[in-house]
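Remarks on the overall topology
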Amino acid sequence: MTDSLTMAAIDTLSQMVNSYASEIAGASLPPVSWMWDCRARLEGTDAEFCGTVHPDLSAAESNTQLLAWARALNLDDDTDEREASAGRRVFTGRLGDSRIRLTAFIESVYPATETQPLIALI
């Protein structure tokens with residue numbers, strides 16, 4: 001039950017944020033999965049919506065989608081060393097009165113084309 005309720009909540013929230021962002025930007029934006037991070041209020045900072053570009057996209061596609069959002073909503077590059085070393089890029093900003101944080105994997109830590117020859121045993 002938890003998984004289906006969680007996924008339903010993420011889907012509903014994502015549709016709402018994506019629709020609102022496209023309306024504010026005045027253009028259609030690539031779909032992003034969104035979650036609400038309410039822990040920030042417990043830590044004394046602004047709560048924020050956390051978005052993730054689909055992780056199954058190639059690095060180039062992820063970066064393109066991330067930059068489309070960043071340009072359309074005037075987001076700031078907020079990537080720190082830890083995120084960069086993990087191959088992630090982060091943009092932050094405001095959507096209406098809410099803080100948003102959008103992350104995408106833009107580099108693979110391991111090369112996708114790296115393969116080892118198989119030894120043929122005859």
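Here the structure is shown first, and the text comes after it.
Heads up: these notes are all about the structure in this document.

With that settled, consider the packing of aromatic side chains. Evaluation of the coordinates by the stated rule reveals two aromatic pairs. A centroid spacing of 5.6 Å and a plane angle of 55° characterise the contact between Trp 34 and Trp 69, whose relative ring orientation is tilted. Here Trp 34 is found in strand β1 (residues 33–37), whereas its partner Trp 69 is found in helix α3 (residues 59–73), with 35 residues between them in sequence. Taken as a pair, Trp 34 and Trp 69 share a single burial class, namely buried.

Counting across every chain of the model gives four salt bridges. Between Arg 89 and Asp 77 there is a salt bridge whose closest N-O contact spans 3.2 Å. Taken as a pair, Arg 89 in strand β4 (residues 88–95) and Asp 77 in strand β3 (residues 76–77) lie far apart in primary sequence, 12 residues in all. Residue Asp 77 is classed as partly exposed on the basis of its relative accessible area, which comes to 42%. Linking Glu 83 and Arg 101 is a salt bridge whose minimum nitrogen-to-oxygen distance equals 2.6 Å.

Here we come to unusual backbone geometry. Although it is not a glycine, Asn 74 adopts a positive phi angle of roughly 55°. Counting through the fold element by element, Asn 74 comes out in the loop between α3 and β3. In this structure Asn 74 comes out as exposed when scored by relative accessible area, which is 66%.

Of all hydrophobic cores here, the largest spans 18 residues; its most connected members are Trp 34, Trp 69, Leu 73, Ile 100 and Leu 102. For this core, the secondary-structure elements that each account for two or more residues are α1 (2–25), α3, β4 and β5 (98–105). Residue contributions to this core peak at four residues, all from α3. Those residues in contact with Leu 102 that lie beyond four places of it in its chain are Val 32, Trp 34, Gly 51, Thr 52, Val 53, Leu 66, Trp 69, Arg 89, Val 90 and Phe 91.

Estimated volume of the largest pocket: approximately 230 Å³. As for the largest pocket, its lining consists of 13 residues, of which Ser 33, Trp 34, Met 35, Cys 50 and Thr 52 are closest to the centre. Where the lining of the largest pocket is concerned, the elements lending two or more residues are α1, β1, β2 (48–52) and β5. Take the lining of the largest pocket: its biggest share by element is five residues, from β1. Here the lining of the largest pocket is built from residues that sort into six nonpolar, four polar and three charged.

Rules used throughout
- Residues numbered from 1 in each chain as written.
- Predicted model: local features only at pLDDT ≥ 70, side-chain atom pairs only at ≥ 80, totals over all residues.
- Heavy atoms only, no water.
- Phe/Tyr/Trp six-rings, centres within 6.5 Å; stacked < 30°, edge-to-face > 60°.
- Helix = DSSP H or I, 4+ residues; strand = E, 2+ residues; numbered from the N terminus.
- Buried < 20%, exposed > 50% of the residue type's maximum accessible area, 1.4 Å probe, protein only.
- Salt bridge = Lys/Arg side-chain N within 4 Å of Asp/Glu carboxyl O.
- Core = buried A, V, L, I, M, F, W, Y, C linked by side-chain atoms within 4.5 Å.
- Contact = heavy atoms within 4.5 Å.
- 1 Å grid on protein atoms, 1.4 Å probe; cavity = no way out; pocket = protein on both sides within 12 Å on 5 of 7 lines; lining within 4 Å.
- Points joined across faces, edges and corners; volume = space filled by probe spheres on them.
- Nonpolar A, V, L, I, M, F, W, Y, C, P; charged D, E, K, R; others polar.

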